[in-house]
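What follows is the residue order along each chain.
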Amino acid sequence: MNDGSGSAALRRPLRLGVVASVLTGVLLLLCCTGGTAAFFLSGLSGDAEDGDTLANEDCGPVRPVNITGKLPRFTEYGDAQVRNAAIIIKVGQDMGVPSRGWVIALATAMQESGLRNLANSGVPESLALPHEGVGADHDSLGLFQQRPGWGTVAERMTPSYTARKFYEKLVGVRGWQRRPLTAVAQQVQISAYPDAYAKHEELASRIVNALSGGAARTIEINGKAVCDAAERGQIAASGWTAPIPGGVGSGFRTAQRPGHNGVDIGAAKGTEIRAAAAGRVLVSQCDPDDKGRLDCDVDGYPGKGGCGWFVDLLHAGGYITRYCHMVVQPRVQPDQIVAAGEVIGQVGSSGNSSGPHLHFEVHLRNDRTSRGAIDPNQFMRGRGAPLRRPA
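All of these numbers come straight from a predicted model, not from anything done at the bench.

Student: Mind showing me how you'd approach the nonpolar core here?
Tutor: Nonpolar side chains in soluble globular proteins generally cluster together in the buried interior. In this structure, Ile88, Leu106, Tyr167, Ile207 and Leu211 are the most contacted members of the largest nonpolar core, which totals 44 residues. Going through the elements one at a time, helix 4 (79-95), helix 5 (99-113), helix 8 (159-170), helix 9 (181-189) and helix 10 (201-212) are the ones with two or more residues in this core. Among the elements that take part in this core, helix 5 stands out by supplying 8 residues, more than any other. Discounting chain neighbours no more than four positions away, the residues touching Leu211 are Arg63, Val65, Leu71, Pro72, Val82, Ala85, Ala86 and Ile89.

Student: Any chance you could explain unusual backbone geometry here in plain terms?
Tutor: Backbone geometry follows two general trends: most residues other than glycine have a negative phi, and most peptide bonds adopt the trans configuration. Notably, Asn222 is not glycine yet its phi reads approximately 50 degrees, a positive angle. Counting through the fold element by element, Asn222 comes out in the loop between strand 3 (218-221) and strand 4 (224-227).

Student: Sorry if this is basic, but what is going on with the environment of Pro330 here?
Tutor: If you trace the backbone, Pro330 turns up in the loop between strand 9 (319-326) and strand 10 (337-338). Sequence separation between Pro330 and Ser284 is 46 residues, and the spatial gap between their C-alpha atoms is 6.5 Å. Excluding its chain neighbours within four sequence positions, the residues that come into contact with Pro330 are Ser284, Trp309, Phe310, Val311 and Ile344.

Student: Just checking my understanding: could you explain helix 8 for this structure?
Tutor: Since there are 3.6 residues in each turn of an α-helix, residues three or four apart along the chain are aligned in direction. Here helix 8 is 12 residues long and its end C-alpha atoms lie 16 Å apart, about the 16 Å a rise of 1.5 Å per residue gives. If you check which residues of helix 8 are buried, you get Pro159, Thr162, Ala163, Phe166, Tyr167 and Leu170. End-on, the buried residues of helix 8 take up no more than an arc of 135 degrees, which puts them together on one face. Residues of helix 8 that are buried make contact with helix 4, helix 5, helix 7 (153-156) and helix 9.

Student: Even after reading the chapter, I still don't get the side chain of Ser238, so can you show me in this structure?
Tutor: Checked against the element boundaries, Ser238 lands in the loop between strand 4 and strand 5 (263-266). Engagement of the side chain of Ser238 in a polar contact is seen with the backbone nitrogen of Trp240, the distance being 3.4 Å. At a separation of 2.7 Å, a polar atom in the side chain of Ser238 contacts the main-chain carbonyl oxygen of Arg383. Apart from the residues lying within four places of it in its own chain, the contact partners of Ser238 are Arg100, Glu201, Ser205, Ala216 and Arg383.

Student: Please explain the packing of aromatic side chains as it appears in this structure.
Tutor: Per the counting criterion, the structure on display carries 6 aromatic pairs. Taking the centre distance of 6.3 Å and the plane angle of 80 degrees together, the rings of Trp240 and Tyr319 count as edge-to-face. Linking Trp240 in the loop between strand 4 and strand 5 with Tyr319 in strand 9, this pair joins segments that are 79 residues apart in sequence. The two residues Trp240 and Tyr319 agree in class, both being buried. Taking the centre distance of 5.4 Å and the plane angle of 50 degrees together, the rings of Tyr323 and Phe360 count as tilted. Here Tyr323 is found in strand 9, whereas its partner Phe360 is found in strand 12 (residues 357-363), with 37 residues between them in sequence. This pair shows no difference in class: Tyr323 is buried, exactly as Phe360 is. Here the aromatic residues Phe144, Phe166 and Tyr167 are joined through ring pairs into a cluster of three or more. Residue placement shows Arg383 over the ring face of Tyr319; its charged tip is 5.4 Å from the ring centre. Above the ring of Phe379, the side-chain terminus of Arg383 is found at 3.6 Å from the ring centroid.

Student: Would you explain the pairing of strand 7 (residues 279-287) in this entry?
Tutor: Consecutive side chains along a regular strand alternate between the two faces of the sheet. Of all 9 residues in strand 7, 8 are buried; the element is thus mostly enclosed. Examined bridge by bridge, strand 7 and strand 10 share 2 bridges and lie antiparallel to one another. Its bridge partner lying in strand 10, Gly279 is registered against Val338. With 7 bridges joining them, strand 7 and strand 8 (residues 308-315) adopt antiparallel strand pairing.

Student: In this structure, what is going on with the environment of Leu129? I would like to understand it.
Tutor: Take Leu129: it is sitting in the loop between helix 6 (124-127) and strand 2 (134-135). Given a relative accessible area of 26%, Leu129 falls into the partly exposed group. In sequence terms Leu129 and Leu118 are 11 residues apart; their C-alpha atoms lie 9.9 Å from each other. Aside from chain neighbours lying at most four places away, what touches Leu129 is Val153, Ala154 and Met157.

Student: I keep staring at the state of the cysteines and nothing clicks. Help me out?
Tutor: Covalent bonding between the sulfur atoms of two cysteines is what defines a disulfide. Inspection of every chain in the model, using the stated rule, returns 3 disulfides. Residue Cys59 pairs covalently with Cys227 via a disulfide, S to S 2.1 Å. Between Cys59 and Cys227 the disulfide shows an S-S torsion of about -65 degrees. By sign, it is left-handed. Of this pair, Cys59 sits in the loop between helix 3 (51-55) and helix 4 while Cys227 sits in strand 4, and the two are 168 residues apart along the sequence. Taking relative accessible area as the criterion, Cys227 reaches 23% and is therefore assigned partly exposed.

Student: What should I look at first to understand the pairing of strand 12 in this one?
Tutor: Most of strand 12 sits out of view: 7 of its 7 residues are buried. Residues His357, His359, Glu361 and His363 point to one face of strand 12 and Leu358, Phe360 and Val362 to the other, with burial holding for every one of them. In this structure, strand 5 lies alongside strand 12, joined through 4 bridges in antiparallel fashion. By the bridge assignment, Ile265 is partnered in strand 12 with Leu358. Where strand 9 meets strand 12, 5 bridges bridge the pair, whose relative direction is antiparallel. Looking at strand 12, one finds that Cys324 is bridged to His359. Pairing of strand 12 with strand 13 (residues 373-374), which is carried by 2 bridges, proceeds in the antiparallel orientation. Note that in strand 13 the partner of Val362 across the bridge is Ile374.

The rules we used
Residues numbered from 1 in each chain as written. Predicted model: local features only at pLDDT ≥ 70, side-chain atom pairs only at ≥ 80, totals over all residues. Heavy atoms only, no water. Core = buried A, V, L, I, M, F, W, Y, C linked by side-chain atoms within 4.5 Å. Buried < 20%, exposed > 50% of the residue type's maximum accessible area, 1.4 Å probe, protein only. Helix = DSSP H or I, 4+ residues; strand = E, 2+ residues; numbered from the N terminus. Contact = heavy atoms within 4.5 Å. Expected span 1.5 Å × (residues − 1). Arc of directions from axis to C-beta. Polar contact = N/O pair within 3.5 Å; in protein donor to acceptor, adjacent residues only side chain to side chain. Phe/Tyr/Trp six-rings, centres within 6.5 Å; stacked < 30°, edge-to-face > 60°. Lys NZ or Arg CZ within 6 Å of the ring centre and 35° of its normal. Pairing = 2+ DSSP bridges. Disulfide = S-S within 2.5 Å.

Dropping the structure here:
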């Protein structure tokens, strides 16, 4: 199948002004600093044994976390912080909370405390208890910076207690497994920085994978964690899902098509296309063909040029996904916030196309141009939402 990504509309990078406006709101990814507690993040471990490598291992049976055993290291966090992460995951496992909850809990604690069990200079009793730093945010304490309504001082300074209280409230949030992480975390925490949690989702997923056997790559099916099966609107614990079920035909930058910056997934015309992760709509429009024509409501053909009806979404971590050749105008509008798995359009053959399919791209660092494009196959598999091979 043929499709084009070389039109003027698709060559434009995401300008700084656009980035600034996009990252305001639920996906404030780069401009927030730390948690609500006032403390200095020190003691970060620089000699990782490599948590990142473990996070990339194959997804196997989800294993219980051993909080007293040897744990992998991450360059972003020291040993005590990774131990706290293990406690948070272990509590979630013991409570039977699906692994998506572990990712949300970790991302929340990263933002609130940097995964440190914080005392508070305004709560003298907390200073006499074991702690890993001192904050000064109102009367907030511990990993999740919980205030007195969450428990006593001693309870809020106990990592396992604070994690349990977080999970108890989390599972009561309607639709928590499908909604954007930052929205769910904010509903639990009621934070003064409601948009800051999303930027931790990627690292939280990596830590969950490393500590529990790839659990961020799983979905819950009949109460069991199943690896690498997130599609048809089912969301992996990482927060990602395949945009459509179907086999990948033309691959990423093959020898025959070195300029093909995505993959083509075959599907019948009208098949629903889903957002691969929660995000903000950057672009939703008809891409002009090589002659500048905006005729996306008719089937295209090879050599026509253009992406047809298409959508670009910005996700936490600065990732951008692109969905091309829709049959009719997309169902979403620029600046709209979409949930993972939300239907954004339908498969078609508009633009530079030889037949119905979805052209799907993934880009890094907020870069919509070809320079930011990476192989969607590898990326999606690492998030538990692999794109299928042709039958």
